[in-house]
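# Geometric and topological summary
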Amino acid sequence: MSIQQNLQDIRATVPEGVTLVAVSKTKPVSEIMEAYNAGQRVFGENKIQDMVEKEAEMPKDIEWHMIGHVQRNKVKYMAEFVSLIHGVDNFKIMREIDKQAKKHDRVINCLLQIKIAEEDSKFGMTSADAQDILKSEDTLKLKNVCIVGVMGMATFTDNQQHIEKEFKKLKSIFDELKELKITDCQLKTISMGMSSDYQIAIDCGSTMIRVGSSIFGERNY
Ligand SMILES: *Cc1c(COP(=O)(O)O)cnc(C)c1O
């Protein structure tokens, strides 16, 4: 199957209003260009350095999303161009993103990563942490960061009901946060769903899916 065909097949199943982020981590520019030439403009990477290198080589109308864990000392390298940071899970990171965004006179959109999976290995905050961050005066002072939604990853399992339960939990956390209506930024994005579970995620209210291997094939690390 070609990348172009894979993209076409996936788009056919994704409703309007759901953004498809093509996760291109570990993939070379030549393959990402195949997706670009098939009309894809939103790409996700999980390492800042890789994203910076690819951004330099590729067309400028691409929206680059940072979907991985964010290392504070590397925020400065992507601040000039990153269009959405999915994995914000503490206030210190927000403060650094704000500081770096200011240098480029930008406001950087971010998602709060919420821990919905039972596995310990996944990053993320609790819904109480997220509420605290959104309510905090300190957050309001960060004029160059905009929290526009939440992101979560389900447990890695074949159990569909279990995955569904976790996605529904993220949707309800999002709905609660939206009720707070305290920041200037509109909460509008629920980033959930990957190759193996994006259909379930969409059924549970996802507005943004992050799909890698179903587009580009399996990754060889
Ligand atoms: C790699 C990755 C994806 C995509 O995974 P696939 O199973 O290849 O679709 C989605 N989200 C995050 C955070 C990832 O690291």
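Here we summarise the structure given alongside this text. All of these numbers come straight from a predicted model, not from anything done at the bench. (Residues numbered from 1 in each chain as written. Predicted model: local features only at pLDDT ≥ 70, side-chain atom pairs only at ≥ 80, totals over all residues. Heavy atoms only, no water.)

Moving on, we get to the overall build of the chain. Looking only at helices and strands, the chain features ten helices and eight strands. The C-alpha atoms of the chain give a radius of gyration of 17 Å, which matches the 17 Å a tight globule of 221 residues would have. Dimensions along the principal axes, computed over C-alpha positions, put the chain at roughly 50 × 45 × 30 Å. Per-residue burial over the chain gives 51% buried out of 221 residues. Counting only carbon and sulfur atoms, one obtains 46% of the accessible surface of the chain, whose full area is about 11,100 Å². Of the side-chain charges in the chain, 30 are positive and 33 negative, and the distance between the mean point of each set is 5 Å. (Helix = DSSP H or I, 4+ residues; strand = E, 2+ residues; numbered from the N terminus. Rg over C-alpha atoms; globule rule 2.2 N^0.38 Å. Buried < 20%, exposed > 50% of the residue type's maximum accessible area, 1.4 Å probe, protein only. Areas by Shrake-Rupley, 256 points an atom, 1.4 Å probe, with all protein chains shown as cover. Lys, Arg positive; Asp, Glu negative; His and termini not counted. Charge placed at Lys NZ, Arg CZ, Asp CG, Glu CD.)

Neighbouring the ligand are Val 23, Lys 25, Ile 67, Met 151, Met 153, Met 194, Ser 195, Arg 210, Val 211, Gly 212, Ser 213 and Arg 219. About the coverage of the ligand: the protein hides 90% of its 390 Å² of free accessible area. Tallied by class, residues from the shell around the ligand come to six nonpolar, three polar and three charged. (Near = heavy atom within 4 Å. Nonpolar A, V, L, I, M, F, W, Y, C, P; charged D, E, K, R; others polar.)

This part covers the nonpolar core. Membership of the largest hydrophobic core comes to 63 residues, with the highest contact counts inside it found for Ile 85 and Leu 112. No other element matches the six residues that helix α8 (residues 160-180) contributes to this core. Dropping the residues within four chain positions of it, Ile 85 is found in contact with Met 66, Val 70, Met 78, Ile 97, Ile 108, Asn 109, Cys 110 and Leu 111. Within the second largest apolar cluster, nine residues are counted, among which are Val 21, Val 42, Val 148 and Met 151. (Core = buried A, V, L, I, M, F, W, Y, C linked by side-chain atoms within 4.5 Å. Contact = heavy atoms within 4.5 Å.)

This next bit is on the state of the cysteines. Per the counting criterion, the structure on display carries one disulfide. Bridging Cys 146 to Cys 185, the disulfide has an S-S length of 2.0 Å. Residues Cys 146 and Cys 185 are joined by a disulfide whose S-S torsion is about -130 degrees; by sign, that bridge is left-handed. In this pair, Cys 146 is assigned in strand β6 (residues 145-151) and Cys 185 in the loop between α8 and β7 (189-191), connecting sequence segments 39 residues apart. Considered together, Cys 146 and Cys 185 belong to a single accessibility category, that of buried residues. (Disulfide = S-S within 2.5 Å.)

Glancing now at the pairing of strand β3 (residues 63-66). Taken together, the four bridges between strand β2 (residues 42-45) and β3 define a ladder with parallel strand orientation. What sits directly across from Val 42, in β3, is Glu 63. You can see the chain leave β2, run along helix α3 (residues 48-57) and come back into β3, and the turn it takes is right-handed. Of the pairings in the sheet, the one linking β3 to strand β4 (residues 84-88) comprises two bridges and is parallel in character. Residue Met 66 lies in a different strand from β4, and its bridge partner there is Ile 85. (Pairing = 2+ DSSP bridges. Right-handed = clockwise from strand over helix to strand, strands pointing away.)

Here the focus is unusual backbone geometry. One non-glycine residue, Thr 26, lies in the positive phi region at around 70 degrees. Unlike most non-glycine residues, Asp 105 shows phi in positive territory, near 55 degrees. One can find Asp 105 in the loop between α5 (91-103) and β5 (108-113). Looking at Asp 105, the relative accessible area reads 72%, which means it is exposed.

Moving on, we come to the packing of aromatic side chains. In the structure shown here, the tally under the stated rule is one aromatic pair. With centroids separated by 6.0 Å and ring planes inclined at 40 degrees, the aromatic side chains of Phe 43 and Trp 64 adopt a geometry described as tilted. Taken as a pair, Phe 43 in strand β2 and Trp 64 in strand β3 lie far apart in primary sequence, 21 residues in all. When the ring centre of Tyr 36 is taken as origin, the NZ or CZ atom of Arg 41, which lies over that ring, is 3.6 Å away. (Phe/Tyr/Trp six-rings, centres within 6.5 Å; stacked < 30°, edge-to-face > 60°. Lys NZ or Arg CZ within 6 Å of the ring centre and 35° of its normal.)

Looking at helix α1 (residues 3-11), one finds that the buried residues are Ile 3, Asn 6, Leu 7 and Ile 10. Buried residues of α1, seen end-on, are gathered within an arc of 100 degrees and therefore sit on one face of the element. Those residues of α1 that are buried are in contact with β1 (19-23), α2 (29-37), α9 (198-203), β8 (208-211) and α10 (213-216). (Arc of directions from axis to C-beta.)

What is shown is where atoms sit, not what they do.
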